[in-house]
Amino acid sequence: MASPSSNASSLLLALVFAGSLMAASAGNLYSDFDITWGDGRGKILNNGELLTLSLDKASGSGFQSKNEYLFGKIDMQLKLVPGNSAGTVTAYYLSSKGSTWDEIDFEFLGNQSGQPYTLHTNVFAQGKGNREQQFHLWFDPTEDFHSYSILWNAQRIIFSVDGTPIREFKNAESIGVPFPKNQPMRIYSSLWNADDWATQGGRVKTDWSKAPFTASYRNFQANACVRSSGTSSCDSKSSWLMEDLDETNQNKLQWVQENYMIYNYCTDSKRFPQGLPPECQLS
């Protein structure tokens, strides 16, 4: 394992390689995001306080952040498609571009009325993913807004829901596992039809008589490093740059994984008959 001092050094090098960076805290959704597709199905409302995406049989919709981020704590409140959401996917993720892209995913897989959503998470590094963990939630994510957060620094990625950590992906470069730390990423979100696989393996199709389907977003916050043409640099004293899980949050993580995790690639020996991925020994 690398020493704390070498971890700090690798973090500072990553910041330097990314170009000029500055700390950012986001506010109005008009200033933070662009609706990028959907022919009017994505909307920013209430003077920039609310963003909605909708899906009908003709098209879904999506948006992306104006800024690119390299490390930070990203928070957004979402209220998911209510009722019969089978076949729909609401994706909310960070991603870079290119054939060796990095990506940090939340995907919400819809279900029949009364059946739970599946929260699907994944991490891609240098174009390689296959690191899925899936969860059911301990509440109905369609009745009200809930916070979904990504903490990303050079040591770890932590996925949280309403402040409760559900997954930690640690930097395992010391054993040859790539980790997202050099490519700035934008935030993307989309609502789209994936009824060939999303609900019960594709057995349950989208009921278009219930369209349009709508997901809502508010209260975006980014305490993060933003790649900028300016000369400002990220504040190396920002707490999230070295943040990890304390004992209380480790216990919360264990509670979620024992009670609400429904799939973990690190225990799927049938999928990996030649041996589980090396990072699984750190889980």
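Residues numbered from 1 in each chain as written. Predicted model: local features only at pLDDT ≥ 70, side-chain atom pairs only at ≥ 80, totals over all residues. Heavy atoms only, no water.

1. With respect to the sheet that holds strand 2 (residues 33-37)
- Read from one edge of the open sheet, 8 strands run 2-5-14-7-8-9-10-16, paired in antiparallel fashion. In the strand order of this sheet, the two ends are held by strand 2 and strand 16 (261-264), each with one partner. The sheet shows a mean angle of 15° between the axes of neighbouring strands, taken without regard to direction. (Pairing = 2+ DSSP bridges. Helix = DSSP H or I, 4+ residues; strand = E, 2+ residues; numbered from the N terminus. Axes fitted to C-alpha atoms, helices over the stretch in contact; angles between N-to-C directions.)

2. Some thoughts on the packing of aromatic side chains
- Applying the stated rule across the entire model yields 18 aromatic pairs.
- Centroid distance Phe 33 to Phe 220: 4.7 Å. Interplanar angle 70°. Geometry classified as edge-to-face. Here the residue Phe 33 occupies a position in strand 2, and Phe 220 occupies one in strand 15 (residues 213-227), the gap between them amounting to 187 residues.
- Assessed through its relative accessible area of 2%, Phe 33 is described here as buried. (Phe/Tyr/Trp six-rings, centres within 6.5 Å; stacked < 30°, edge-to-face > 60°. Buried < 20%, exposed > 50% of the residue type's maximum accessible area, 1.4 Å probe, protein only.)

3. Considering the state of the cysteines
- Enumeration according to the criterion identifies 1 disulfide in this entry.
- Each disulfide pairs two cysteine sulfurs, and for Cys 266 the partner residue is Cys 280, the sulfurs being separated by 2.0 Å. Where Cys 266 bonds to Cys 280 through sulfur, the torsion about that S-S bond is close to -80°, and the disulfide is left-handed. With a gap of 14 residues between them, Cys 266 in the segment after strand 16 and Cys 280 in the segment after strand 16 connect regions that are remote in the sequence.
- Take Cys 266: its relative accessible area is 8%, and that puts it in the buried class.
- Judged by relative accessible area, Cys 280 falls into the buried class, the value being 12%. (Disulfide = S-S within 2.5 Å.)

4. With respect to the confidence of the model for the protein chain
- Mean pLDDT over the protein chain works out to 89, with 87% of the residues at or above the 70 mark.
- Here residues 1-22 is modelled with pLDDT under 50, and outside its nearest four sequence neighbours on either side it reaches 41 contacts, counting other chains as well. (pLDDT = per-residue confidence, 0-100. Contact = heavy atoms within 4.5 Å.)

5. Describing the nonpolar core
- Of all hydrophobic cores here, the largest spans 60 residues; its most connected members are Ile 74, Phe 106, Phe 108, Trp 152, Ile 157 and Phe 220.
- Ranked by the residues each element gives to this core, the list is headed by strand 15, at 8 residues.
- In contact with Phe 108, other than residues within four places in its own chain, are Leu 78, Leu 80, Thr 88, Val 89, Thr 90, Tyr 92, Tyr 117, Thr 118, Leu 119 and Tyr 148. (Core = buried A, V, L, I, M, F, W, Y, C linked by side-chain atoms within 4.5 Å.)

6. Concerning the side chain of Arg 131
- Inspection of the secondary structure assignment puts Arg 131 in the loop between strand 9 (118-124) and strand 10 (133-135).
- For Arg 131, a relative accessible area of 2% puts it in the buried group.
- For Arg 131, the side chain forms a polar contact with the main-chain oxygen of Lys 128, separated by 2.8 Å.
- Residue contacts for Arg 131: discarding those within four places in its chain leaves Thr 121, Asn 122, Val 123, Phe 124, Ala 125, Arg 167, Phe 169, Val 177, Pro 178, Tyr 265 and Glu 279. (Polar contact = N/O pair within 3.5 Å; in protein donor to acceptor, adjacent residues only side chain to side chain.)

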